[in-house]
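Structural features, examined
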Amino acid sequence: MRRMRNVKIVATLGPASNTYEMIRALHEAGADVFRLNMSHGSHAEIAERHAMIRKVETDLGSTIAILADLQGPKLRVGVFANGEEELEDGASFRLDLAEDEGDVSRVTLPHPEIFAALEPGSHLLVNDGKIRLKVEKCGKDFADCKVITGGTISNRKGVNVPDVVLPLAALSDKDRADLEFVCELGVDWLALSFVQRPKDVTEARELCRGRAAILSKIEKPAAVTSFEEILAVSDGIMVARGDLGVELPVQNVPPIQKRLIRRCRSAAKPVIVATQMLESMIESPMPTRAEVSDVATAIYEGSDAIMLSAESAAGDYPIEAVTTMNNVAIEVESDPTYTEIIEASRTAKRETVADGIVAAAREIAETTNIKAICCFTSSGATALLTARERPRVPIIAMTSYKSTARRLALTWGTKCVLTGELERFKQAVVNAARAARAGGYADENDQILVTAGVPFNTPGTTNILRVAPCDERLIYNTDPE
C-alpha cells in the first residue's frame with residue numbers, strides 16, 4: 001500500500017478500535033503503526049488486538065509496526081474520607097505515609113521514595129498540574145506543603161515531581177511482566193514511560209534481549225537534561241508532550257520538541273511527536289485550526305511520525321482522525337516551504353563509508369532523473385541513514401528480515417519490501433528494479449539508485465552505490481556478477 005507522504009502515522013488502539021474491521025479501516029486510512037497501551041487492557045485483550053493487526057497485515061500484503069507502550073511507575077495519592085476536598089490557595093497540606101483516609105489537611109502518598117528525594121522548595125503537581133504544592137518541610141515519611149494553586153483533589157489523583165530525579169526504576173513489576181509478555185507475543189517497538197536516565201533504557205534492553213527495538217518517551221525534565229545520553233542507548237524517541245507540559249512551563253515545550261527532533265534526525269533514530277495532536281476529534285468530526293497547525297508543525301520540523309492517542313483509541317471519530325492526519329501530511333509535504341525547511345535543517349555527517357554513500361545517493365538522486373533509492377539492509381541501519389538525508393525521492397528498503405521491515409515502518413519515508421536471501425549483487429539490482437516497478441515508483445525506462453553491502457546480510461557493510469536501469473535486460477547485459 002503506497003502512501004503519498006513520508007511522515008508516518010501512529011494510531012493507538014482501544015475500545016473505539018477493537019475490531020478487525022476498524023483496524024483494517026484505520027490502516028487503509030493511513031495508520032502505519034499501531035500502539036498497544038499497556039495501561040489499559042488485559043494480556044488476553046492485548047493478544048487479541050495483536051492478532052488482528054497481523055491478520056490485517058497479511059490480508060492487505062502490508063508491513064505494519066506494533067508499538068507496545070509500557071505504563072511505567074504511576075505515582076498517586078490515596079483516598080479521601082469524603083471522596084474529594086477543596087484545597088484553598090495559601091493553605092497548608094500534608095502528604096505522608098499514614099494509611100488513614102485523607103481530609104482537607106492531609107492525604108496518603110504511598111511512595112516513600114518520593115519523600116527520600118524531596119527537599120524544601122521542591123514542587124509537587126497533582127491532577128495533571130491543576131494543583132501545585134510547594135514543600136516547606138519534609139522528612140522520610142512526610143512533606144508539609146503550602147498550596148500554591150488550589151483546586152479539587154480527589155481519590156487516587158496522579159502526582160508529578162518535576163524538580164528532582166526520583167530513585168524510581170522506570171520498570172515496575174507490572175511493566176516487567178508486560179515487557180516479557182509483549183516480547184514473546186512479537187511486538188516491534190517497546191516504549192518506556194517516565195525515563196529519567198540512560199540506566200532506565202539499558203535495563204529494559206537487557207530484559208528485551210533483542211526481541212523489540214527500544215523507544216524512550218521523553219516526558220520528564222530529567223530526561224530532557226540527560227537527553228544526549230538517553231538518545232545514545234535508545235533506538236528511537238517519543239516526545240511525549242502530556243507529562244512534559246505538566247512538569248515544565250508550557251512555553252518550554254515547543255523549543256524542546258524542535259531541538260529533540262533535530263537531534264534524533266542527526267543521530268538517524270526515528271522520533272514520534274505525541275499527545276493531544278487532534279484532541280478535539282475525540283468528540284468532534286472536525287479538528288480545530290490550532291490542532292491542524294500543531295500537526296503541521298511537527299511535520300515541518302521533520303519528525304518521523306505523529307501519533308493519535310485517545311482520538312483513535314476511545315474517540316467517536318477514529319477513522320476521521322487518521323484521515324485528517326494523512327491529509328495534513330500530504331498537504332504540508334507538497335508545500336515548497338517544507339522542502340526548504342527540511343533541507344536547511346540537514347546536518348552533514350560524514351564519519352563512515354555508509355554515511356558517505358547515503359549522502360551521495362541523495363545528491364545524485366536530486367540532481368538527475370532518479371526515481372527511487374533502493375537500499376538493501378539487514379539491521380535497518382542503512383535505511384535509517386538514508387532517511388536521515390530526507391531525500392526528495394522515495395526510499396525503498398529491501399530486507400530479508402520481516403522484523404527489520406516492521407521496525408522501519410516507523411521511519412520517515414521508508415517503503416519496506418521483503419526480498420529473499422541474496423548472494424550476488426546483480427540479483428540485488430534486479431530485485432530492486434522489480435520492487436520499484438511493482439510499487440509504481442518507476443517504469444522500465446527509468447533509473448533507480450541501489451545501495452548495498454557486500455558480503456550480503458552482514459550489518460554495517462554498506463559499500464556499494466549503483467545507478468541502475470529498471471529494464472532487467474539492461475541489468476543483465478551490463479551489471480557485474
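Report follows, based on the coordinates. These figures come from a predicted structure and were not determined experimentally.

1. A closer look at the side chain of serine 345
Relative to the elements of secondary structure, serine 345 occurs in the loop between helix H13 (336-344) and helix H14 (353-367). When its relative accessible area of 12% is taken as the criterion, serine 345 is described as buried. Excluding anything up to four places from it in sequence, serine 345 contacts Arg262 and Arg265.

2. Topic: the environment of serine 312
Looking at where serine 312 falls in the secondary structure, it is placed in helix H11 (residues 310-313). For serine 312, a relative accessible area of 0% translates into the label buried. Residues within four places of serine 312 in sequence aside, it is in contact with Ala11, Thr12, Ala16, Ser17 and Pro318. Within the structure, serine 312 has its side chain in polar contact with the backbone oxygen of threonine 12 (distance 2.7 Å).

3. Some details on the pairing of strand S2 (residues 33-37)
Most of S2 is tucked away: five of the five residues are buried. Burial of the side chains of S2 extends over both faces: Val33, Arg35 and Asn37 are buried on one face and Phe34 and Leu36 on the other. For strand S1 (residues 8-13) and S2, the ladder comprises four bridges, and the chain directions are parallel. Paired with threonine 12 across the two strands is arginine 35, which belongs to S2. Chirality of the crossover, the property in question, places the unit of S1, helix H1 (residues 20-29) and S2 among those that are right-handed. Sheet topology places S2 next to strand S3 (residues 65-69); five bridges connect them, and they run parallel. Following the sheet pairing, leucine 36 is matched in S3 by alanine 68. In this region the chain leaves S2, passes through helix H2 (residues 43-60) and returns to the parallel neighbour S3; the handedness of that crossover is right-handed.

4. Considering the environment of glutamate 283
Tracing the backbone shows glutamate 283 in the loop between strand S15 (271-274) and helix H10 (289-300). In this structure, the C-alpha to C-alpha distance between glutamate 283 and glycine 315, residues 32 residues apart in sequence, is 6.2 Å.

5. Topic: the sheet that holds S2
Read once around its circumference, the closed barrel built from eight strands follows the order S1-S2-S3-S12-S13-S14-S15-S16, with strand pairing classed as parallel. Across the sheet, the mean angle from the axis of one strand to that of its neighbour is 25°, orientation sign disregarded. Bridging between strand S14 (residues 236-240) and S15 involves four bridges; their strand directions are parallel. Paired with valine 239 across the bridge in S15 is valine 273.

6. Focus: the packing of H2 against helix H4 (residues 173-185)
H4 packs onto H2 with a crossing angle of 30° between their chain directions and a minimal axis gap of 11 Å. The orientation of H2 with respect to H4, classified from their angle, is roughly parallel. The way H2 lies across H4 gives a crossing that is right-handed. Listed contacts from H4 to His43, Ile46, Ala47 and His50 of H2 are Ala177, Asp178, Phe181, Val182 and Leu185.

7. Quick word on the nonpolar core
Phe34, Leu190, Leu192, Ile299 and Ile306 are the most contacted members of the largest nonpolar core, which totals 75 residues. Sorting elements by how many residues they give to this core places helix H12 (residues 318-333) first, with six residues. Residues in contact with phenylalanine 34, not counting those within four places in the same chain, are Ala11, Leu13, Ile23, Leu26, His27, Ile53, Ile64, Ala65, Ile66 and Leu67. Within the second largest apolar cluster, 26 residues are counted, among which are Leu118, Leu124, Leu133 and Val147.

8. A look at unusual backbone geometry
The backbone of phenylalanine 194 shows a phi angle near 55°, a positive value even though the residue is not glycine. Tracing the backbone through its elements, the reader meets phenylalanine 194 in the loop between strand S12 (189-192) and helix H5 (198-208). For threonine 275, which is not glycine, the phi torsion reads 90° and is therefore positive. Position of threonine 275 relative to the elements: it lies in the loop between S15 and H10. By relative accessible area, threonine 275 is classed as partly exposed at 21%.

9. A few points about the packing of aromatic side chains
One pass over the full model with this rule turns up one aromatic pair. Aromatic pair tyrosine 300 and tyrosine 338: ring centres 6.2 Å apart, planes at 55°, arrangement tilted. Pair noted here: tyrosine 300 is in helix H10 and tyrosine 338 is in helix H13, with a separation of 38 residues, a long-range link. Classification of tyrosine 300 as partly exposed rests on a relative accessible area of 23%. Lying over the aromatic face of tyrosine 20, lysine 55 brings its terminal NZ or CZ to 5.3 Å of the ring centre.

10. Section: H14
The first and last C-alpha atoms of H14 sit 21 Å apart over 15 residues, in line with the 21 Å expected at 1.5 Å per residue. The set of residues buried in H14 consists of Ala354, Asp355, Ile357, Val358, Ala359, Ala361, Arg362 and Ala365. Buried-residue contacts for H14 involve strand S17 (370-376), helix H15 (381-388), strand S20 (447-453) and strand S21 (462-469).

11. Examining H5
Among the residues of H5, Asp200, Val201, Glu203, Ala204 and Cys208 are the ones counted as buried. Projection of H5 onto a plane perpendicular to its axis shows the buried side chains occupying an angular sector of 160°, all on one side. Residues Lys199 and Glu206 are exposed on H5 and point more than 90 degrees away from its buried face. Where the residues of H5 are buried, they touch H4, S12, strand S13 (213-218) and helix H7 (227-233).

Criteria and thresholds
Residues numbered from 1 in each chain as written. Predicted model: local features only at pLDDT ≥ 70, side-chain atom pairs only at ≥ 80, totals over all residues. Heavy atoms only, no water. Helix = DSSP H or I, 4+ residues; strand = E, 2+ residues; numbered from the N terminus. Buried < 20%, exposed > 50% of the residue type's maximum accessible area, 1.4 Å probe, protein only. Contact = heavy atoms within 4.5 Å. Polar contact = N/O pair within 3.5 Å; in protein donor to acceptor, adjacent residues only side chain to side chain. Pairing = 2+ DSSP bridges. Right-handed = clockwise from strand over helix to strand, strands pointing away. Axes fitted to C-alpha atoms, helices over the stretch in contact; angles between N-to-C directions. Parallel < 35°, antiparallel > 145°, perpendicular 65-115°, else oblique. Left-handed = near helix turned anticlockwise from the far one by under 90°. Core = buried A, V, L, I, M, F, W, Y, C linked by side-chain atoms within 4.5 Å. Phe/Tyr/Trp six-rings, centres within 6.5 Å; stacked < 30°, edge-to-face > 60°. Lys NZ or Arg CZ within 6 Å of the ring centre and 35° of its normal. Expected span 1.5 Å × (residues − 1). Arc of directions from axis to C-beta.

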